[in-house]
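Survey of secondary and tertiary structure
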Amino acid sequence: MITLCFVLWLSFFSFVSPVPTGETFHVGSERSAVCGELGKSVFLSVNYTLTRGKQLLDLSWDFKKDTEYWKIYTFNGKSKFFKDYESRVQVFQNGSLLLEALNYSDAGRYIFTVAEEGGAEKETTVELCVEDAVQEPTIEQTPGTAHSGETVSLVCRAPNIGNMQLYWQGVNLSSASSETKFLEGFQYTNIQITAHRCDTFICVARNSVSQKLARHTLNGSEELCENCDPLCTEPKPLSTELVALPIFLVVVFVTIVGIGICCCRKRKCDNRRCKEKDTY
């Protein structure tokens, strides 16, 4: 929703804003390198100013990848969009470009060129990378139940998506040995720890466009988890005995109070009857 509002605002801006002018001719980009998520949209933000008193002659976007080179958009032409970009590209007043439905072939160098009246021309470039979103990692513990002082292995794995980093968060690696490897389309990272309490460990899968977390609280013996800091693990459910005891005490208290009230009323009633007999 926020992205849609931003695009609508830029669309309105593109129709009402004049061509920017300044003392000198300038062309620039907000970021020289941008990454977009596969299938989503990416915004290549640029800006320019023309020399005061000069008119815009042409504004264009070109794409370059290895030996391939072609034009995406030109301001001064009958057909403004080229190739298959017409249905998924928007260009705004300041020259910025919104590219939708990203695919891997969109990765490469985008060249933004502005020409002003008199033939002066300047350009800026933006390198675009396209990556798929990472998937949530999983964590396995060996042995399944840890005892105090025992060496425990935690293995985190996630599908190996290009340029992904897989690492442990909040773990003091100086006291825990770690290793990362790749096997059959998956990336693995494991740590060897000495169990002293039922701590919680976090594994992070991350790339330039997304991040996913997996949390694992050490599964340990009763002795091991008794020494655990309440903040390091999930709260254990209350036992039936602990829940039933307060309820029992409340019921007993209410019963005693009720009996006491009844006895007081009966005593008052008996005293009242005695007084009535005396008057007769």
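Residues numbered from 1 in each chain as written. Predicted model: local features only at pLDDT ≥ 70, side-chain atom pairs only at ≥ 80, totals over all residues. Heavy atoms only, no water.

1. Considerations on the packing of aromatic side chains
The final tally for this structure, using the stated rule, is 7 aromatic pairs. Seen from their ring centres, Phe-43 and Phe-92 are 6.0 Å apart, and the 55 degrees between their planes marks the pair as tilted. Within this pair, whereas Phe-43 is found in strand β4 (residues 42–44), its partner Phe-92 is found in the loop between β8 (89–91) and β9 (97–99), the two being separated by 49 residues in sequence. You can call Phe-43 partly exposed: its relative accessible area is 25%. Take Phe-92: its relative accessible area is 6%, and that puts it in the buried class. Taken together through their ring pairs, the aromatic side chains of Tyr-48, Trp-61 and Phe-112 make up a single cluster. Over the face of the ring belonging to Phe-75 we find Lys-80, whose NZ or CZ atom lies 5.0 Å from the ring centre. Over the ring of Phe-186 we find Arg-157, and its NZ or CZ is 4.2 Å from the ring centre. (Phe/Tyr/Trp six-rings, centres within 6.5 Å; stacked < 30°, edge-to-face > 60°. Helix = DSSP H or I, 4+ residues; strand = E, 2+ residues; numbered from the N terminus. Buried < 20%, exposed > 50% of the residue type's maximum accessible area, 1.4 Å probe, protein only. Lys NZ or Arg CZ within 6 Å of the ring centre and 35° of its normal.)

2. Observations regarding the confidence of the model for the protein
The pLDDT averaged across the protein works out to 81; a share of 75% of its residues lies at or above 70. Contacts for the low-pLDDT stretch residues 1–18, under 50 throughout, to residues beyond four places or in other chains number 13 contacts. Between residues 230–236, whose pLDDT stays under 50, and residues either more than four places distant or in other chains, the model counts 10 contacts. (pLDDT = per-residue confidence, 0-100. Contact = heavy atoms within 4.5 Å.)

3. Quick look at the environment of Leu-218
Residue placement: Leu-218 occurs in the loop between β18 (211–217) and α2 (222–226). Leu-218 sits in the buried class, given a relative accessible area of 3%. Separated by 64 residues in the primary sequence, Leu-218 and Leu-154 place their C-alpha atoms 9.1 Å from one another. In contact with Leu-218, other than residues within four places in its own chain, are Gln-141, Val-152, Leu-154, Ile-193, Ala-195, Arg-197, Cys-198, Asp-199, Phe-201, Leu-224 and Cys-225.

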